Structure formats: structure tokens, C-alpha cells
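Residues per chain, in single letters:
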Amino acid sequence: MFSQALLFASRSLIFKNSKYMIQDKSFSQKLFFHSSPPRRAIPPIIALVLTPIARIGAFLFGRNFRKWWKNLPPETRALYISRLRKQKNYFLGLFGALTTGGIAFYFTHLEEAPVTGRRRFVFVSEKSLLEISKFEFESFLVQFGSKVLPPHHSIYKKVTAIANRILEANKDIEEIYHKQWSVTIFGQPDIANAAVLPSGAILVFSGLLDRCANEDEFAFVLAHELSHCIVGHNAELYSRTSVLNAIKIVLMGVCMALLPTDMTGILSYLFGSGTLTAAFELPYGRELEREADEVGLTLVARACYDTRYGAVFWEKMRLLEDIEMGIEIPDWISTHPANATRRDHLKGLEGSAAAVREVCKCPPLSDVDIEKEVEDFVRAVKEKHEKDRPVVLLQLPKRPVPSI
């Protein structure tokens, strides 16, 4: 339960009768008073809570089944096994029916992804996705509501101008017209992040603007997030995660029921769950990130931004990770490709991006020294990192003069 008044600004793009129209709402003030969570947020909350509850239920069911089976007299166990063997055809038929139903469900929920044309599995409805978006948006407001910048702040003008330019340059993409685009900015200098919810809500933390050297760099980051929304990656992830969670719940019950102790059951479940994540979840997330990089690069190329700054951004992220953490997280244990991998991938696409800019009759790229910009950035970060280190070096005492 919470009660909070939140003021936030939004600039909305409205599309009507196939005509691209911009409605500026950035100076309209909206107060949001909630004495309790709104009703529309209930379905996402249930979806979030249900998975861990089901996993706990599978754990308890499997554990209790194992104890019940262990305590049965040998003759009773033999009777149950005999009955199962007699009805094996029934169970095989049931398994076949479930398998066939699962395959049919999968193929009847394949669709073509916007922009890329890639075939993908999606069963989450647009209505459910919007409900989840509203819940996520309110979660951001609850956590960072006091940091929302006022509507007259200059950052709004900068961010909305870049967002409008990208959308205007790509207005032939049908999915752009299916969103209610808006911008909310959080004054958090220590957070360099941005997100675009499936509803079209663009959330930007001010630290990202400080991190980006210019509009071209920020435009790429924003276009990357817009690509997730336009292509519909959230629907894919929700669908895939739901299926994997269901498999993991069954796995938990089976491990706890069939293995002799709680410890072996839990360890086997963790191994199986980790294998599923490493084999199906993480690679898929990395593929969506690569696709968002590619689509985002095309979006900014059509908007006549300098596409070289896509690779520059990930090179900066790589260097920051190296300075601040000392290591780079390898691809195979992450939902995102390594920063160096993303940098190299975008560098390889700069030729095709330049061709897009030429088709769109963009002005030539400037002759700015990109590598020098990166070097200056690294030098400044290292100086700040050394300055902010909570370490004070002590002066060593003078060595005593040895007596003769």
C-alpha cells in the first residue's frame, strides 16, 4: 500500500488517418494519486508471483510423493507398479496427445516479426502486454518517482526531438502507429540507462545523456531500445520464458519425486534448470539484442545520424567495464552479447548503414577523429576513477640507518 503524488511529463506522438501528427503534451501536468495499487496492475502481479509459488508447490509435491512412496509396504508398491504396467498404453497415449498438442500450439502461434521478417513464437496477447507495460511503468514511478524531472526541464526537449526525428524518418514502419509514444525522464546522474516499454513509454535516466558524447551516440542507444519495442521482443521473451518456467516447474517435481534425498533432488534441478537457461534462454536473449542493434542502426541511418557512434558506444561500455570491473563478462553466461562482440558486429554493418544514409540523401559524415574521442573518454574516466577511489596512500617511514 502506498500513497504518492507523482508529477511526470510526456510528449506523445499520435497517428490518425495514416497522417503523422505530433501532439505535444510535455507541459501538461498530471498528478497520480494511489492509495492502493490500481486494478489494472493485478494480472501482471499474479503472473510474477505465480511462477515461484508453482515452483515451491512442485518441490513440496515431489518431496511428499517420495516420502509417501518410501513408506509404502513392498507389496503395495508392487501392486501400483503392476497397475501402471497394465495401463502403459493409456499413459503413452496421454503423453503422445500432450506432445502433439504442444507441437500444434507452437506452430499455430508462429508469426512473422515486424521489420526483420523473422519467424518467432508468440502467444502473449497485445492486451496482456499492455497490462504488463502499465505495471512496469508504475513500478518505475514507485521506485524513481521522486527523481522524475519537471516538464520544463531542457532534457525533455532534447530527448523528444531525437525520438521524433527517428520516428519521422521511419514512418513507413506500420508498428510505429500501434504505440502511444511518450517520454519520462529520471534525474539520476549515477544511472546510465534507458528503456522503452511495449506500450511505447520511453524511460530515460539522465546519466545516459552524460555518458553519451553527442546526439548521434544517444540516438543509437534510443533507437536500440525503440527497436525492442517496434519488433516486439518483449512478447517473444514473455512467451519463451513462460514455456521454460513451466518446464522447470515440472523438472522440479520430477527431481524431488524420483531422487533419493532432498539434496540430490535440488542439485539435479539446479543443474537441469541451469542447462535449460544456458541452452535456450541466454542465447535467445543475445540474439534479440543483436537484432535490436541491427534494427536500431538502420533506424538512425534513415534519420541521418552518424552511424559510427553505435560501435563507439559499445567500445566505451567495454572500456568502462574493464576499468570498473577489471574483467569482461563472457557471452555464454549473459543475456547480452559482450560489449566487444557488439562493437565488432556494428563495425561490420557500417558499410550497409552508409548505403542506407546515401539512399536517404543524408549529408556526408563528418571527418571527426572517432578514435581520439574514445581515447579522451577513457582518459577522463580513468582520472575520475582514480580520484574517486576511497584509498589514501600512507607515506613509508624512513629506513633506519644501520649502525657501524
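Figured I'd write up the structure that's included with this text.

Scoring rules and cut-offs
- Residues numbered from 1 in each chain as written.
- Predicted model: local features only at pLDDT ≥ 70, side-chain atom pairs only at ≥ 80, totals over all residues.
- Heavy atoms only, no water.
- Helix = DSSP H or I, 4+ residues; strand = E, 2+ residues; numbered from the N terminus.
- Polar contact = N/O pair within 3.5 Å; in protein donor to acceptor, adjacent residues only side chain to side chain.
- Contact = heavy atoms within 4.5 Å.
- Salt bridge = Lys/Arg side-chain N within 4 Å of Asp/Glu carboxyl O.
- Buried < 20%, exposed > 50% of the residue type's maximum accessible area, 1.4 Å probe, protein only.
- Core = buried A, V, L, I, M, F, W, Y, C linked by side-chain atoms within 4.5 Å.
- Pairing = 2+ DSSP bridges.
- Axes fitted to C-alpha atoms, helices over the stretch in contact; angles between N-to-C directions.
- Disulfide = S-S within 2.5 Å.
- Phe/Tyr/Trp six-rings, centres within 6.5 Å; stacked < 30°, edge-to-face > 60°.
- Lys NZ or Arg CZ within 6 Å of the ring centre and 35° of its normal.

**Considerations on the side chain of E291**
Mapped onto the secondary structure, E291 falls in helix α9 (residues 262-302). Separated by 3.5 Å, the side chains of E291 and T116 make a polar contact. For E291, the contacting residues outside a window of four places in its chain are T116, R118, V231 and H233.

**Considering the pattern of salt bridges**
Counted under the stated rule, the structure contains 19 salt bridges. Taking the shortest distance from any N to any O, the salt bridge between E168 and K171 comes out at 2.8 Å. Since its relative accessible area comes to 38%, K171 is described here as partly exposed. Where E315 meets R343, a salt bridge forms, and the shortest distance between an N and an O atom there is 2.6 Å. Separated by 28 residues along the polypeptide, E315 in helix α10 (residues 308-325) and R343 in helix α11 (residues 339-359) bring together distant segments of the chain. As far as the burial class goes, E315 and R343 line up, both buried. Because the salt bridges share partners, they merge into one network encompassing E111, R118, R120, E236 and E291.

**Digging into the nonpolar core**
Within the largest apolar cluster, 63 residues are counted, with the highest numbers of intra-cluster contacts made by I166, W181, I202 and F218. Sort the elements by how many residues they give to this core and helix α7 (residues 215-231) lands first, with ten residues. The contact partners of I202, leaving out residues within four places of it in the chain, are A163, W181, S182, V183, T184, A195, V196, L222 and L226.

**Here we look at the sheet that holds strand β7 (residues 182-186)**
Read across the sheet, three strands follow the order β7-β9-β8 without closing on themselves; strand pairing throughout is mixed. Of all strands in the sheet, those with a lone pairing partner are β7 and β8 (194-196), marking the two edges. Across the sheet, the axes of successive neighbouring strands diverge by a mean angle of 10°, strand direction being ignored. Judged from the three bridges that link them, β8 and strand β9 (residues 201-205) form a sheet pairing that is antiparallel. Within β9, the residue paired with A194 across the bridge is V204. Seen against the sheet, helix α5 (residues 154-169) touches β7 and β9 and runs at an angle of roughly 140° to β7. Its contacts with the sheet place α7 against β8 and β9, and it is angled at close to 30° to β8.

**Regarding the state of the cysteines**
Considering all chains together, one arrives at one disulfide under this definition. Between C360, a cysteine without a disulfide, and C362, which holds the nearest cysteine sulfur, the sulfur-to-sulfur distance is 5.2 Å.

**Some remarks on the packing of aromatic side chains**
For the structure on display, the rule yields 19 aromatic pairs. Ring centres of F65 and W68 lie 5.7 Å apart, and the angle between their planes is 45°; this geometry places the pair in the tilted category. Residue F65 and its partner W68 are both found in helix α1 (residues 42-71); the two are separated by three residues, about one turn of the helix. Seen in terms of ring centroids, F144 and F205 are 5.0 Å apart; in terms of plane orientation they differ by 80°. Their pairing is edge-to-face. One end of the pair, F144, is in helix α4 (residues 126-144); the other, F205, is in strand β9, and 61 residues separate them in sequence. For the pair F144 and F205, a shared accessibility class is recorded, and that class is buried. In this structure, R165 packs its charged tip against the face of Y305, placed 3.7 Å from the ring centre. Against the face of W314 rests R342, its NZ or CZ located 3.8 Å from the ring centre.

Purely geometric numbers; function is a separate question.
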